[in-house]
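# Structural overview
If you want the building blocks of each chain, they are given just below.
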Amino acid sequence: MTLIPSTEFDDLSLVRQGKVRDIFDTKDSLLMVTTDRLSAFDVVLPDTIPDKGKVLNQISVFWFNLVEDIVKNHIITTNVDEYPEEFKRYKKALDKRSMLVKRAQPLEVECIVRGYISGSGWSSYQKEGHVCGIPLPKGLKESDKLATPLFTPSSKAEIGDHDINISFEETINILGQDKAEKLRDLSLAIYNKGAKLALERGIIIADTKFEFGMLDNEIILIDEIMTPDSSRFWPLDDYEPGRGQKSFDKQGIRDWLTASGWDKKHPGPKLPSELIEATANTYKEIFTQLTGEHV
């Protein structure tokens, strides 16, 4: 077991520190390192989850490979021995939790796909009868499977800020008609393929988010894909519409934080040790159930 709350490569060029990922400049490419940091409600929490970064990185690699027939992605290699020379001395820290990636220009929206009605989508439906401006039939129950998955993009937020749901028309205003439609179609195709495989392996992917970038005038998939951090995972054998579902991701931490009365502002509260351990085990269970491998 390793615990990496942040990278400490003082001789290397850190260009960006996200909520979970540290990104380094390698001149020709970027090195993306997935730490064990944990974010919830767009706030990085003070605690870390052991081996979480390894799980997230390897799940993303699994999905990137699976959907490569739909869209190209940013991965060059995940083999540390093939990284630029200056990174090889950190092989132990980088192994299984990093990827060397192409330099793409990120597009300015996050692409959310909802296959089931839950979370903020359920709240919106109860109040207004729609999700992100998309009208839905009356009589839906919490956690119901939607007749067709919904594409509900959001604006990207800086660390500490909250993403804002936007309409498809606003997405067109930001990106232009062609890119907006391409992102919608790619997001739905990726979700449908991933959700189908996950369902066959006993996991419901209720919703998820993707990020895309431009490289050589082509849209490619970047960042992470269908991980427990970017998705809502439910165990199929416990699924029952009409209620909230048993969590198979970090929802347990979200629930604990909500119940704690935290105001969802930085800094977050310390988590109980048993909750940290349970969450670490959940991440590993998802990885094994999806891939048949162990962390």
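As a starting point, this report considers the structure included with it. (Residues numbered from 1 in each chain as written. Predicted model: local features only at pLDDT ≥ 70, side-chain atom pairs only at ≥ 80, totals over all residues. Heavy atoms only, no water.)

Two orientations exist for strands paired in a sheet by backbone hydrogen bonds: parallel and antiparallel. Spatially, 5 strands are ordered 1-2-3-7-6 in an open sheet, and the strand pairing comes out antiparallel. Pairing within the sheet leaves two strands with one partner each, and these edge strands are strand 1 (14-17) and strand 6 (75-77). Between one strand and the next, the sheet's axes are offset by a mean angle of 35 degrees, whatever the strand orientation. Looking at chain direction, strand 1 and strand 2 (residues 21-25) are connected through 3 bridges and run antiparallel. Paired with arginine 16 across the strands is isoleucine 23, a residue of strand 2. (Pairing = 2+ DSSP bridges. Helix = DSSP H or I, 4+ residues; strand = E, 2+ residues; numbered from the N terminus. Axes fitted to C-alpha atoms, helices over the stretch in contact; angles between N-to-C directions.)

Our focus in this paragraph is unusual backbone geometry. Looking along the chain, the bond that leaves histidine 266 and enters proline 267 is cis, with omega of -5 degrees. Considering the arrangement of structural elements, one finds proline 267 in the loop between helix 7 (251-260) and helix 8 (273-291). Backbone geometry places aspartate 42, a non-glycine residue, at a positive phi of 65 degrees. Mapped onto the fold, aspartate 42 is located in the loop between strand 4 (37-40) and strand 5 (43-48).

Quick look at the pattern of salt bridges now. With the rule as written, the count across this model stands at 18 salt bridges. The partner of aspartate 51 in a salt bridge is lysine 284, with the nearest N and O atoms 3.6 Å apart. Pair noted here: aspartate 51 is in the loop between strand 5 and helix 1 (52-66) and lysine 284 is in helix 8, with a separation of 233 residues, a long-range link. Taking relative accessible area as the criterion, aspartate 51 reaches 6% and is therefore assigned buried. Looking at lysine 284, the relative accessible area reads 26%, which means it is partly exposed. The residue lysine 88 makes a salt bridge to glutamate 85 at a minimum N-O spacing of 3.4 Å. Of this pair, lysine 88 and glutamate 85 are both found in helix 2 (residues 85-88), 3 residues apart, which corresponds to roughly one turn of the helix. Here lysine 88 falls in the partly exposed class, since its relative accessible area comes to 31%. Looking at glutamate 85, the relative accessible area reads 57%, which means it is exposed. Taken together, the salt bridges that share partners define one network made up of Asp238, Glu240 and Arg243. (Salt bridge = Lys/Arg side-chain N within 4 Å of Asp/Glu carboxyl O. Buried < 20%, exposed > 50% of the residue type's maximum accessible area, 1.4 Å probe, protein only.)

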